[in-house]
Amino acid sequence: MDNSSKINTEFLNWYENHHHQFVKYCSSHAFGIMETEDLVQESILACLENYAKVQDPEKLLGYLIGIANNKVRNKKRRLKFKGNWDEQAFEKLKARTQDPEMALDIQYLLKAMDQLPAKQKQAILMFEISGFSIREISKAQESTESATKTRISRGRKRLKEILSEDTRKVSLANRLAAFASILF
């Protein structure tokens, strides 16, 4: 077995344990912006290409999520020049939920999440939607578990404040659950 085959095998063995959660994270983060499968594949390929350069395997999850975040950020930057992003996202939500009211609730949630600081948004997506543990999130964000818990708590609080302006008064927990239910 040559060195590149060994590296590929090591990476794939590591990735297998994180696949489901990573796909859910990508699905929630890229919703309405780009196809989940494309984001997952591009992120895995970029991570695999640089796998040998990652010195600490504990930081690999954070590296992989960082790649996905950068790809979404770049795609959003390019989509700013097109005026149909919100409409496409809403149509995709309606198609997946078969319920326009639920789609509207999720749309409000996504817009509210875009107002959060990046690390808070990432922590909430990883914890509430993708099912990562506090420990995994803290390793990915290179912070303490206490800081991660604080980030999630403050993010929830801020989301509740933003969503309280919505006259429909649907709870944050219900919106998060609805969003998680329509993802891969």
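Note that the structure is predicted; figures quoted are calculated from it, not measured. (Residues numbered from 1 in each chain as written. Predicted model: local features only at pLDDT ≥ 70, side-chain atom pairs only at ≥ 80, totals over all residues. Heavy atoms only, no water.)

1. Points about the overall build of the chain
- Check the secondary structure of the chain and you find 10 helices and 0 strands.
- Going from the N terminus to the C terminus, the chain shows its helices and strands as α-α-α-α-α-α-α-α-α-α.
- Taken over 184 residues, the chain has a buried fraction of 44%.
- A fraction of 68% describes how many contacts in the chain between residues 6 or more apart in sequence connect residues 24 or more apart.
- As displayed, the chain offers around 10200 Å² of accessible surface, 50% of which is attributable to carbon and sulfur atoms. (Helix = DSSP H or I, 4+ residues; strand = E, 2+ residues; numbered from the N terminus. Buried < 20%, exposed > 50% of the residue type's maximum accessible area, 1.4 Å probe, protein only. Contact = heavy atoms within 4.5 Å. Areas by Shrake-Rupley, 256 points an atom, 1.4 Å probe, with all protein chains shown as cover.)

2. Here we look at the environment of Lys71
- Structurally, Lys71 can be placed in helix 4 (residues 60-79).
- For the pair Lys71 and Leu39, spaced 32 residues apart in sequence, the C-alpha separation works out to 7.2 Å.
- Not counting chain neighbours up to four residues away, the residues in contact with Lys71 comprise Met34, Leu39, Glu42 and Ser43.

3. Observations concerning the confidence of the model for the chain
- With 87% of its residues at a pLDDT of 70 or more, the chain has an overall mean of 82.
- Summarising per-element confidence for the chain, the mean pLDDT is lowest in helix 5 (residues 85-97) (64) and highest in helix 9 (residues 145-164) (92). (pLDDT = per-residue confidence, 0-100.)

4. Details of the environment of Ala103
- Structurally, Ala103 can be placed in helix 6 (residues 100-113).
- On the accessibility criterion, Ala103 (0% relative accessible area) is buried.
- Along the sequence, Ala103 and Arg175 sit 72 residues apart, while their C-alpha atoms lie 9.5 Å from each other.

5. Some details on the nonpolar core
- Counting residues in each nonpolar core, the largest one holds 50 residues, and the members touching the most others are Phe11, Tyr15, Phe22, Ile65, Leu109, Leu159 and Phe179.
- For Tyr15, the residues in contact, after removing those within four places along its chain, are Phe22, Val23, Val40, Ile44 and Leu64. (Core = buried A, V, L, I, M, F, W, Y, C linked by side-chain atoms within 4.5 Å.)

6. Remarks on the side chain of Ser130
- Tracing the sequence through the fold places Ser130 in the loop between helix 7 (118-129) and helix 8 (134-140).
- The buried category is assigned to Ser130, whose relative accessible area is 4%.
- Side-chain polar atoms of Ser130 contact the backbone nitrogen of Tyr25, separated by 2.9 Å.
- Filtering out sequence-adjacent residues up to four positions away, Ser130 remains in contact with Gln21, Lys24, Tyr25, Ser28 and Leu125. (Polar contact = N/O pair within 3.5 Å; in protein donor to acceptor, adjacent residues only side chain to side chain.)

7. With respect to the packing of helix 6 against helix 9
- Between helix 6 and helix 9, whose axes approach to 10 Å, the crossing angle comes to 125°. One element, helix 6, and the other, helix 9, form an angle in the oblique class. Crossing of helix 6 over helix 9 shows right-handed handedness. Where helix 6 abuts helix 9, its residues Tyr108, Leu109, Ala112 and Met113 lie against Leu159, Ile162 and Leu163.
- Each residue belonging to the contact of helix 6 with helix 9 can be placed in one class, and the counts come to 7 nonpolar, no polar and no charged. (Axes fitted to C-alpha atoms, helices over the stretch in contact; angles between N-to-C directions. Parallel < 35°, antiparallel > 145°, perpendicular 65-115°, else oblique. Left-handed = near helix turned anticlockwise from the far one by under 90°. Nonpolar A, V, L, I, M, F, W, Y, C, P; charged D, E, K, R; others polar.)

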